[in-house]
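Structural features, examined
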Amino acid sequence: MKPTVALAAMLALGTFVLAGANAAEPRPKDFQRVVDAAYAKYKGLQEGKNADYIPILTRTPSELFGVVIATRDGKIYSAGDVDYKFSIQSVSKPFTAALVMTQQGPKVLDEKIGVEPTGLPFNSRLALEIYKDKRSVNPLVNAGAIAAVSLVQATSEQDRWNKILQNISDFAGSPVPLTVLEDVYESEYSTAFGNRAIANLLYNYERLYSDPEEAMRVYTRQCSIGVSAKDLAIMGATLANLGVNPLTKKRVMNANDVPELLAIMATAGFYDESGEWMYTAGLPAKTGVGGGIVAVVPGRFAIAAFSPRLNEAGNSVRSLNAIRDIAGELGVGVFGPNPN
Ligand code: GLU
């Protein structure tokens, strides 16, 4: 493990021991109170705009907003549009990285993808040229996520897809596989020239492990899976519960791999705002250009939110504010209560 990842993993684990295992859990009415307060506070916030580089995302109603907490024993506290299905986009990335860890062990992520934050936009081609050793840099930027898809052990494209969909559905505790929003897939796949360039560059550098166009199709389908804010919260709660889904009780990943995955989410989950996010909220998280965000309080619970308007870095403005407020109110930042 690289020193930075080892440090972050130790911090996350240490926090679990110190804060998670020993801290009194907030009472149900406190969970509901902070969710309601964050929802009320940011419901009127008009900052940012829907993603438009995937044309169809401009059509998602911008006023949608939902906030959810899911605990490691499966309790849900929510406000707003928490059942609306939007495209998961980059929030899918840590979960496919988890599948790769489960199939091949955690070292493979470090060796074949990388675990460094880039400090560059999520779709950066420049990062591939700068980080000459790993190229794809980390599994939460597009290059690393396309590489992760290509690393999933599968016998065919269909098998690769089935495994990825089943894994994400298992994290969400969905009794039937989640559904792809086909119009989102079509809209993104037909305009994904930048991602295609990334896939081809990686292949050129021998850092992509399947046919590039196959990886592109499966990656784009993965990003087009429809999820609700509630689904995201359960996915996060599965990480908080050390890999066991709180609803279905199914083990979805190895408990030992969770700290390393959370470490990558802590250092790279918020695009090139990851430092700012950890500084102000202190929680491992992953965001997506569909407007979803999930943050994990290790060993305890997850906070998810959805709203389509994004800031310059690609992070949902209402969602990030809501989650940051809740983390601050409950005092659950992994480095200690955050006084924001
Ligand atoms: N499917 C999107 C892309 O590849 C995901 C981006 C994101 O949510 O960060 O551009």
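Residues numbered from 1 in each chain as written. Predicted model: local features only at pLDDT ≥ 70, side-chain atom pairs only at ≥ 80, totals over all residues. Heavy atoms only, no water.

What follows concerns the site of the ligand. Lining the immediate surroundings of the ligand are Y53, Q89, S90, F122, N142, E188, N195, Y219, C223, Y271, G288 and V289. Between N195 and the ligand, the recorded distance is 2.7 Å, taken from a side-chain N or O atom to an oxygen atom. Separating an oxygen atom of the ligand from a side-chain N or O atom of Y219 is a distance of 2.6 Å. Of the residues that constitute the shell around the ligand, the class distribution is six nonpolar, five polar and one charged. (Near = heavy atom within 4 Å. Polar contact = N/O pair within 3.5 Å; in protein donor to acceptor, adjacent residues only side chain to side chain. Nonpolar A, V, L, I, M, F, W, Y, C, P; charged D, E, K, R; others polar.)

Across the interface, helix α3 (residues 93-104) lies against helix α12 (residues 258-268) with an axial gap of 11 Å and an inter-helix angle of 150°. Considering the relative orientation of α3 and α12, their crossing is right-handed. Judged by residue contacts, P94, A97, A98 and M101 of α3 engage E260, L261 and M265 from α12. Split by residue class, the contact of α3 with α12 holds six nonpolar, no polar and one charged. (Axes fitted to C-alpha atoms, helices over the stretch in contact; angles between N-to-C directions. Helix = DSSP H or I, 4+ residues; strand = E, 2+ residues; numbered from the N terminus. Left-handed = near helix turned anticlockwise from the far one by under 90°. Contact = heavy atoms within 4.5 Å.)

Owing to its 3.6 residues per turn, the α-helix aligns residues three or four sequence positions apart on the same side. In this model, helix α11 (residues 229-240) (12 residues) spans 16 Å end to end at C-alpha, consistent with the 16 Å of a helix rising 1.5 Å per residue. Those residues of α11 that fall on the buried side of the exposure criterion are A229, D231, L232, A233, I234, M235, G236, A237, T238, L239 and A240. Looking one or two residues beyond α11, the residue adopting positive phi is L242, at roughly 55°. (Expected span 1.5 Å × (residues − 1). Buried < 20%, exposed > 50% of the residue type's maximum accessible area, 1.4 Å probe, protein only.)

Under the counting rule described, the total for this entry stands at 17 salt bridges. The closest approach of N and O atoms between D52 and K49, which form a salt bridge, is 3.3 Å. Overall, K49 belongs to the exposed group, its relative accessible area being 52%. Where D231 meets K85, a salt bridge forms, and the shortest distance between an N and an O atom there is 2.7 Å. In this pair, D231 sits in helix α11 while K85 sits in the loop between β2 (76-80) and β3 (86-87), placing the two residues 146 residues apart along the sequence. A relative accessible area of 41% means that K85 is categorised as partly exposed. What you see here is one network of salt bridges that share partners, running through R27, D30, R33 and E329. (Salt bridge = Lys/Arg side-chain N within 4 Å of Asp/Glu carboxyl O.)

Our focus in this paragraph is the nonpolar core. Counting residues in each nonpolar core, the largest one holds 69 residues, and the members touching the most others are I225, L232 and L239. A total of eight residues in this core trace back to one element, the largest contributor, which is α11. Those residues in contact with L239, other than ones at most four positions away along the chain, are F95, F171, M253, V258, L261, L262, M265 and V296. (Core = buried A, V, L, I, M, F, W, Y, C linked by side-chain atoms within 4.5 Å.)

Another aspect to go through is the sheet that holds strand β5 (residues 285-287). Read from one edge to the other, the open sheet built from five strands follows the order β2-β1-β7-β6-β5, with strand pairing classed as antiparallel. Two strands lie at the open edges of the sheet, namely β2 and β5, each paired on one side alone. Adjacent strand axes in the sheet meet at a mean angle of 10°, parallel and antiparallel pairs treated alike. Sheet topology places strand β1 (residues 66-71) next to strand β7 (residues 301-306); six bridges connect them, and they run antiparallel. Of the residues in β7, the one forming a bridge with V67 is A305. Running at roughly 20° to β2, helix α2 (residues 28-42) makes contact with β1, β2 and β7 of the sheet. (Pairing = 2+ DSSP bridges.)

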